[in-house]
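Each chain is listed here by its residues.
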Amino acid sequence: MNVAVGGQGAAVVLLHGFPQTHYMWRHVAQKLASDHTVIVPDLRGYGASGKPAADDPNTYSKRTMASDVVVIAHELGFEHFGLIGHDRGALVAVRAGLDHPTVVDYLGILDVLPTLDTWGVLHGVNAKVAWHLYLMAQPVGLPEKMIAAVAPEFFGSFLDAWDPTGATFSAQERDYYVNSSIAAIDSIVADYRATASIDLDMDAADREREAQLTMPVGVISQDWGSQLGFDASALWRAWAPDLTYQATTSGHFMAEENPDEITGFITGLGSRAPHAKR
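Residues numbered from 1 in each chain as written. Predicted model: local features only at pLDDT ≥ 70, side-chain atom pairs only at ≥ 80, totals over all residues. Heavy atoms only, no water.

Colleague: Tell me what's going on with the packing of aromatic side chains, and back it up with residues and numbers.
Modeller: Scanning the model with the defined rule gives 16 aromatic pairs in all. Ring plane angle 75 degrees and centroid distance 5.4 Å describe the contact between Y23 and Y176, whose orientation is recorded as edge-to-face. Taken together, the residues Y23 in the loop between β2 (10–15) and α1 (26–32) and Y176 in helix α8 (residues 171–182) connect sequence positions 153 residues apart. With relative accessibility at 31%, the residue Y176 sits in the partly exposed group. (Phe/Tyr/Trp six-rings, centres within 6.5 Å; stacked < 30°, edge-to-face > 60°. Helix = DSSP H or I, 4+ residues; strand = E, 2+ residues; numbered from the N terminus. Buried < 20%, exposed > 50% of the residue type's maximum accessible area, 1.4 Å probe, protein only.)

Colleague: Mind laying out the nonpolar core, listing which residues take part and the relevant values?
Modeller: One finds L14, W25, F81, L83, L107 and I266 to be the most contacted residues of the largest nonpolar core, which totals 85 residues. Per element, the largest residue contribution to this core is seven residues, and it comes from helix α3 (residues 88–99). (Core = buried A, V, L, I, M, F, W, Y, C linked by side-chain atoms within 4.5 Å.)

Colleague: I'd love a proper account of the pattern of salt bridges, names of residues and values included.
Modeller: One pass over the structure, following the stated rule, counts 16 salt bridges. A salt bridge links R95 to D99, with the nearest nitrogen and oxygen atoms 2.9 Å apart. With R95 and D99 both in helix α3, this residue pair falls four residues apart, about one helical turn. Members of the salt-bridge network, linked through shared partners, are R63, R95, D99, D203, D206 and R209. (Salt bridge = Lys/Arg side-chain N within 4 Å of Asp/Glu carboxyl O.)

Below you can see the structure in the form of structure tokens.
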């Protein structure tokens, strides 16, 4: 696992989304480091972390990826920590909160829904906004070949479409994200494929047993609900009774577009955690 660590104080782990790496947290991490130990890994299968072959359904399950995070923190001397995830990293963070409730002091979610609810709100033509979920859910072989054939355009399209200002990334930063993703096609697809299979099964089992996130949870998101016809706050509250929800006018890449907003979101959330180390 490739992990950046800095600062001192209570531990907070920041998990990146797609199609990115730990580098997306650079601005927020610097702001938090004055009074936090900031732990910022590349998720397995991304960036400079290992990319094991998906020979087993568990290899890229969010349960396995959440366990990676817990082990990293333990190896760095932290038995519990705040956990913030963006996009794919948020799905890992949610699984960590469900599987390791005594380890996660507080949980921050940026611009995503739980796996079970994501599939539940995608209906009709409006589901085209998540077309890549359906592509990468297909059996092994075809999605990887299709993406590899147009990889720069494929990964670049998300960086462009999800950045409403068009100014969040420099040309060099955009190239870095695209090239990092090109080097990880098989593992990125495996991560997404898990979300249409083993991760979905785990969420369904948790819903059946009425499992909840017991720590303070904060969600900050674009208003996808108005487009797709759902109440994001209500969906999240079913999983997290101690929830705060706020909408943002920033685009998907909010940690880079507006790092002050996201830093404030994280510090506010941390202040709600009664057992967080100070």
